[in-house]
Amino acid sequence: MKRHTVTAIAVSALSLFFCLETPRIAFSAALFNDGYRGPFNTPTTLVFSNMFINLGNSYNPSTGIFTAFVKGTYYFSFTVFLNSNSKMFTSLMKNKDRVVSVWDNYSPDGNDSGSNTAILQLEVGDNVYVKLYEERQIYDDGTGYTSFCGFLLFPS
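In this convention, every chain numbers its residues from 1, walking through the sequence in written order. Where totals are concerned, whole chains, interfaces and linings use all residues; where local detail is concerned, this predicted model gives features only for residues with pLDDT of at least 70, and gives and counts side-chain atom pairs only at 80 or more. The basis for every side-chain value is the complete set of heavy atoms in the structure, and neither hydrogens nor water enter the calculation.

Novice: In this structure, what is going on with the nonpolar core? I would like to understand it.
Specialist: The nonpolar side chains of soluble globular proteins are, as a tendency, buried together. Counting residues in hydrophobic clusters, the biggest one holds 27 residues, and the most contacted among them are Phe66, Phe76, Leu92 and Phe148. Each helix corresponds to a stretch of at least 4 residues labelled H or I by DSSP, and each strand to a stretch of at least 2 residues labelled E; elements are numbered beginning at the N terminus. Every element with two or more residues in this core is listed here: strand E1 (26-30), strand E7 (72-82), strand E8 (88-94), strand E9 (97-104), strand E10 (112-122), strand E11 (127-132) and strand E13 (147-155). In terms of residues, this core owes the most to one element, E7, which gives 5 residues. We call two residues in contact whenever any of their non-hydrogen atoms come within 4.5 Å of each other. Sequence-distant contacts of phenylalanine 66, that is, excluding residues within four places in its chain, are made with Ile25, Phe27, Ser58, Tyr59, Tyr74, Phe76, Leu122, Asp126, Asn127 and Val128. Working definition of a nonpolar core: buried Ala, Val, Leu, Ile, Met, Phe, Trp, Tyr and Cys residues. They are joined through side-chain atoms within 4.5 Å. Only protein chains enter the accessibility calculation, which uses a 1.4 Å probe; a residue is then buried when its area is under 20% of its type maximum, exposed when over 50%, and partly exposed in between.

Okay, structure coming up:
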C-alpha cells in the first residue's frame, strides 16, 4: 500500500470519528443553603443554583430550566427532601407536561425524601424542569438533599 493511501485512510478515519462524536451535555445541581422553599400560592419552578457540572450549558442555574440544544434521548433524575410536618409534591416537567412526580403527606417523623427518574425524547427547544406545587414545601440546608440532574444518552 502506498504511503499516501495509508495517510488518506487515517485522515478519513479521524474525520469520521470527530464527526460522529456524541455532544457532551450533562448537568448536576442542588439547592444548598436555601432552607425551606414554599409554600407558594402557585406552582413554582425550582431553581437549583449550586452547580456541580454543566457541560454544554443546557441547564440555566438562574431559571432552573434545562433546554435541549440537541435532539435526542435524555436521562433526568431529581430528589427532594422535607424535614417538617408539611406536605411535599413535585414533578419533573417536559415543557408544560407532567412526566413523573414525588409526593408525600404529613408523617410523624417529619423527615421525608423521594426521587424519580425519566428517560425522555427531546426536540431542540424542549424544556425540562422540576415544579413545586402550590401549598407544598421542600428543604435543603447545604447537604445537597434536594438535587436535579440530566444528561444526553443518544443524539438523534
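Novice: I keep staring at the environment of valine 128 and nothing clicks. Help me out?
Specialist: With respect to the element layout, valine 128 can be found in strand E11. Once the C-alpha coordinates of valine 128 and isoleucine 65 are considered, the two residues, 63 residues apart in sequence, prove to be 5.9 Å apart. Apart from the residues within four sequence positions on either side, valine 128 is in contact with Gly64, Ile65, Phe66, Phe76, Leu92, Met93, Leu120, Leu122 and Phe148.

Novice: Explain the side chain of asparagine 54 to me, please; I cannot follow it from the model alone.
Specialist: Here asparagine 54 is to be found in strand E4 (residues 50-55). Non-local contacts of asparagine 54, meaning those with residues more than four positions away in its chain, are made with Ala26, Phe27, Tyr59 and Pro61.

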